[in-house]
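The chain contents come next:
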Amino acid sequence: MEKIIGIWIAAFLTLCIYSFLYRDNPFYRFAEYLFVGVSLGYSIVLQIHQGLIPFAWQPFSAAVTGGSLTGLIKLIPIAIGLLFFAGLSPQQTWLIRYPSAILIGVTSGVAIPNVLQAHIFEQTRGTIGPFAAIHAGTLSGWGVFEAILMVVGVVCTLTYFFFSIEHRGPVKWVSKVGIAFLMIGFGSAFGNTVMGRVALLIQRVDFLLNDWFGTIF
Amino acid sequence: MSKTIQCVVVCLVLCVSLAFSQGLSPPSNVTAMDTPNDDGSSVTIKWDAAPEDSGISGYQILRRIAGGGLEEIGEMLPAGATSYVDATIEKGNAYAYIVRAVSGTEATVDSNETAPAKGTGEWFHTGKIPLFVAMIVFSIAVMVSIYHARSGQEVFIRRIPGLEAVNEAIGRATEMGRSILYVLGLGGVSGAATIASMNILGQVARRTADYETPLHVPCNDPIVMNVVREMVKAAYLNEGRPDAYNEENIFFLTDSQFAYAAGVDGIMLREKPAAIFLQGTFYAESLILAETGNSIGAIQIAGTDSEHQLPFLITACDYTLIGEELYTASAYLSKEPMLLGSIRGQDWGKMIIFAAIVLGVILELAGISWITTLLQRVS
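Asker: Please set out the layout of surface pockets residue by residue, giving values where relevant.
Answerer: In this structure, the second largest pocket spans a volume of roughly 1500 Å³. Taken together, 37 residues form the lining of the second largest pocket, with G81(A), F84(A), F85(A), P222(B) and I223(B) sitting closest to its centre. Elements with a minimum of two residues in the lining of the second largest pocket: α2 (26-64), α3 (75-82) and α4 (97-128) of chain A together with α5 (222-238) of chain B. Element by element, the count of residues in the lining of the second largest pocket is highest for α2(A), at eleven residues. Residues belonging to the lining of the second largest pocket are distributed by class as follows: 24 nonpolar, eight polar and five charged.

Asker: Tell me about the sheet that holds strand β10 (residues 215-219) of chain B, residues and numbers included.
Answerer: Residue and element names in this part refer to chain B. With parallel pairing, six strands are arranged side by side in an open sheet as β11-β10-β9-β12-β13-β14. The sheet is open, and its two edges are formed by β11 (250-252) and β14 (319-322), each paired on a single side. The mean angle between the axes of side-by-side strands here comes to 15°, regardless of whether they run parallel or antiparallel. In this structure, strand β12 (residues 275-281) lies alongside strand β13 (residues 299-304), joined through five bridges in parallel fashion. Paired with L278 across the two strands is A302, which belongs to β13.

Asker: So what about α5(B)? Which residues, and what values?
Answerer: Taking 1.5 Å of rise per residue, 17 residues should cover 24 Å, and α5(B) covers 24 Å from first to last C-alpha, within 8% of that figure. Listing the buried residues of α5(B) in full gives V224(B), M225(B), N226(B), V227(B), V228(B), R229(B), E230(B), V232(B), A235(B) and Y236(B). Buried residues along α5(B) sit in contact with α4 of chain A together with β9 (180-185), α4 (192-211), β10 and β11 of chain B. Among the residues of α5(B), the N-terminal cap falls to D221(B), whose side-chain oxygen and the backbone nitrogen of I223(B) are separated by 2.8 Å.

Asker: Would you mind going over the packing of aromatic side chains in detail, with residue names and values included?
Answerer: All names here are of chain A. Applying the stated criterion across every chain, the model contains 15 aromatic pairs over all chains. Each ring, one from F12 and one from F27, has its centre 6.4 Å from the other, and the planes form 85°; the classification is edge-to-face. Here the residue F12 occupies a position in helix α1 (residues 2-18), and F27 occupies one in helix α2, the gap between them amounting to 15 residues. Pairing W94 with Y98 gives two aromatic rings, centres 6.3 Å apart and planes at 75°, and the pair type is edge-to-face. Classification of W94 by relative accessible area gives partly exposed; the value is 43%. In this structure an aromatic cluster arises from ring pairing among W8, W212 and F213.

Asker: How would you summarise the packing of helix α6 (residues 141-160) of chain A against helix α10 (residues 337-365) of chain B if you had to cite specific residues and measurements?
Answerer: Relative to each other, α6(A) and α10(B) sit at 160°, their axes nearing to 10 Å. As far as their axial angle goes, α10(B) and α6(A) are roughly antiparallel. Every pair of crossing elements has a handedness; the one defined by α6(A) and α10(B) is left-handed. For the pair α6(A) and α10(B), the contacting residues are V151(A), V154(A), V155(A), L158(A) and T159(A) in the first and K350(B), I353(B), F354(B), I357(B) and V361(B) in the second. Class assignment for the residues of the contact of α6(A) with α10(B) results in eight nonpolar, one polar and one charged.

Asker: I'd like a rundown of the interface of chain A and chain B, residues and numbers included.
Answerer: With 57 residues of chain A at the interface, the matching set in chain B holds 66 residues. Together chain A and chain B conceal approximately 5700 Å² of surface at their shared face, both sides included; 71% is due to carbon and sulfur atoms. Considering only the side of chain A, the residues that lose the most area to chain B are F121(A), I128(A) and F163(A), jointly responsible for 13% of the buried surface there. Linking chain A to chain B there are three salt bridges. Between E230(B) and R97(A) there is a salt bridge, and its shortest N-O distance comes to 2.8 Å.

Asker: Tell me what's going on with the side chain of S164(A), and back it up with residues and numbers.
Answerer: Here S164(A) is to be found in the loop between α6 and α7 (170-216). S164(A) sits in the buried class, given a relative accessible area of 12%. Not counting residues within four places of it along the chain, the set of residues in contact with S164(A) comprises F156(B), R344(B) and D347(B).

Asker: Help me get a handle on helix α9 (residues 324-334) of chain B, residues and values and all.
Answerer: All names here are of chain B. Burial analysis of α9 places nine of its eleven residues in the buried class, which makes it a mostly covered element. Considered for burial, the residues of α9 that qualify are E325, L326, T328, A329, S330, A331, Y332, L333 and S334. Positive phi shows up at K335, right after α9, with a value of about 60°.

Asker: Give a description of the packing of α4(A) against helix α11 (residues 370-378) of chain B that names residues and reports values.
Answerer: At a closest axis distance of 9 Å, the pairing of α4(A) and α11(B) adopts a crossing angle of 150°. One element, α4(A), and the other, α11(B), form an angle in the roughly antiparallel class. Here α4(A) and α11(B) pass one another in a crossing that is left-handed. Side by side, α4(A) and α11(B) meet where Q117(A), F121(A), T124(A), R125(A) and I128(A) of the first sit next to I371(B), T372(B), L375(B), Q376(B) and V378(B) of the second. Residues that form the contact of α4(A) with α11(B) fall into these classes: five nonpolar, four polar and one charged.

Asker: Any chance you could break down the sheet that holds strand β5 (residues 83-86) of chain B for me, citing the residues and the numbers?
Answerer: Residue and element names in this part refer to chain B. Pairing is antiparallel across the open sheet formed by three strands, whose spatial order is β1-β2-β5. In this open sheet, the two strands that pair with only one neighbour each are β1 (31-34) and β5. Neighbouring strand axes in the sheet, compared pairwise and without regard to direction, differ in orientation by 20° on average. Relative to β5, strand β2 (residues 43-46) is paired through four bridges, and the arrangement is antiparallel. Bridged to V43 within β5 is D86.

Asker: Summarise the environment of V228(B); cite the residues concerned and give the values.
Answerer: Relative to the helices and strands, V228(B) is located in helix α5. Not counting residues within four places of it along the chain, the set of residues in contact with V228(B) comprises L184(B), M198(B), L201(B), V217(B) and I250(B).

Asker: Requested: an account of the environment of R158(B), with residues and values cited.
Answerer: You can see R158(B) is positioned in the loop between α2 (129-150) and α3 (161-176). Distance in space between the C-alpha atoms of R158(B) and T208(B) is 25 Å, their sequence separation being 50 residues. The residues touching R158(B), leaving out its near neighbours within four places in the chain, are Y160(A), F162(A), F163(A), I165(A), H167(A), E325(B) and Y332(B). Polar side-chain contacts of R158(B) include one of 3.4 Å to the side chain of H167(A).

Cut-offs used in this document
- Each chain has its residues counted from 1, following the order in which its sequence is written.
- Here the convention is simple: chains get letters from A, ligands get numbers from 1, in the order in which they are written.
- Whole-chain, interface and lining totals are the exception, using all residues; otherwise, since this is a predicted model, local features are given only for residues with pLDDT of at least 70 and side-chain atom pairs are given and counted only at 80 or more.
- To get the side-chain values, take all heavy atoms of the structure and skip hydrogens and water.
- Throughout, the protein atoms alone are placed on a 1 Å grid, and a set of points is a cavity if a 1.4 Å probe fits but cannot get out or a pocket if it is open with protein on both sides within 12 Å along at least five of seven lines; lining residues have an atom within 4 Å of a point.
- Grid points are joined across faces, edges and corners, and a volume is the space filled by probe spheres set on the points.
- Secondary structure is summarised from DSSP: a helix means a run of H or I of at least four residues, a strand means a run of E of at least two, and numbering begins at the N terminus for each.
- Three residue categories are used. Nonpolar comprises Ala, Val, Leu, Ile, Met, Phe, Trp, Tyr, Cys and Pro, charged comprises Asp, Glu, Lys and Arg, and polar comprises the others, including Gly.
- The pairing criterion is simple: DSSP has to find at least two bridges between the two strands.
- Lines fitted to C-alpha atoms define the axes, with helix axes restricted to the stretch in contact, and inter-axis angles between N-to-C directions lie between 0 and 180 degrees.
- What a helix should span is 1.5 Å times the count of its residues minus one.
- Exposure is judged per residue with a 1.4 Å probe applied to protein chains only, and the accessible area is read against the type maximum: over 50% gives exposed, under 20% gives buried, and values in between give partly exposed.
- We call two residues in contact whenever any of their non-hydrogen atoms come within 4.5 Å of each other.
- In protein, a polar contact means a hydrogen-donor-capable atom and an acceptor-capable atom, both N or O and within 3.5 Å, with residues adjacent in sequence counting only if both atoms are side-chain atoms; elsewhere, any N or O pair within 3.5 Å suffices.
- Two aromatic rings from Phe, Tyr or Trp, using only the six-membered ring of Trp, form a pair when their centres are within 6.5 Å; if the ring planes differ by under 30 degrees the pair is stacked, by over 60 it is edge-to-face, and anything between is tilted.
- Roughly parallel here means an angle under 35 degrees, roughly antiparallel means over 145, roughly perpendicular means 65 to 115, and every remaining angle is called oblique.
- In this scheme the crossing of two helices becomes right-handed for a clockwise turn of the near helix relative to the far one and left-handed for an anticlockwise turn of less than a right angle.
- A quick way to say it: buried area is the sum, across both parts, of accessible area lost when two parts are put together, with a 1.4 Å probe.
- Only one rule defines a salt bridge in this text: a Lys or Arg side-chain nitrogen within 4 Å of an Asp or Glu carboxyl oxygen.

So, in structure tokens, the structure goes:
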């Protein structure tokens, strides 16, 4: 019985959300508010159980009760985090700048080397790599074509992203080839993702036709 | 009597296993040492590769904490394995290891026990030195360019149509007496696209302060919301219009992806903003947002470095900033020498990559692979 009630609620909310395709209406609004509210509540509970309790409360309470004094070091991030609540007082809002600056600085410092490594060095190596195989004579004719096409594409696309030089003369044409490469790439990604979205729609329609209609007929 | 039987059975088992293990050599040169460049949470065990006809079908690692008994750790390793990283150690304890070779008939033979090894953390990851050097080179290029720009040297930045349209979009919203909706996407405060988006928002806010155009910013992350509030407030103060700043227009909606999309769609339909900025990191919700914005007739300027979402934004929006264009936006809009200098510095970085690719291809074709080797070390 509970399962049937669950299916009916899911089907009702699915139809409420799809009613948006017609226009804004009270059913869509109801589903929207419910969705936002439930997701927010769920997120708060999740943050308490997966963030606050294991990373702040437990080490801190262990330090206070004499279990492990290393937990006292958690007081520093806890204090910094609490500064975010300074926003509640209009006179003390400026205190938010400190945790924000620390957070942006630290996370950027961690992220930048990884981005350089994964997005620049690794991809540069991948672009050059096949030419070692060409030298060794282990790449087929099609493989040689792919390797050359890859280098031409990367060089032309990179040229498009030069901002401090004027795009005229040969640079203009090279960057035009670069943007053509980009658009071909986007076109293929578009087709690929649309197929994925259609699969999601089919899944939802399948739920309505089989699971929901199944409870009626 | 039963003890005698037990002894006979044990002896028989030992004899049979000895007979099966005949010809199975124990793993040689087994060493255990602290894993380099880690936080001290692992020990690496190494041994020599066995010959192909050794009959070994796999290895099992055993370890012993000082004064304790032997325990098996991890799954059975394949015959070709020559090393194992034990990441289940407790810091401060020393462990001795034995590598047990296992044959196809389940016979086993153990290596000598290694000397005890402890995991110790390192302050510096020596493997990352090439990456560090590369970052220093990039940073110098950026700093020199900033220095030149601040000393009065003019920095040229090519025209970017999507950014030229920012003023047009704000002007249109002002003339129509409608609001502007600025969506920062789903990225956290550490995301490069989110930071770039916040910088653009700062510039947009300066103009909306001038024109007294309402600016709504629904946020997906409470920390981003706090930073954005500060930035927008500072922009209004800089323009001498603190009275026009309304903190409630910058609000946290939810951090759930599709609930956020549903909420922003609702705002679009009810508020009917004249201009919508979709700048930042987007995922599957990008088309839902862009299509809804399109359906209400708003002028839309998008920008993201999420390459899988760019096709959708290009399709449904009036202007789209592609990848790096998003990062240049704040410099382009503000024309501040420091930011313009950083753009030129980044171009120098791209020039180095450009040269590395061209030179690398030529050298590889000539059979010289030092650029690839260098990149491999960096990676």
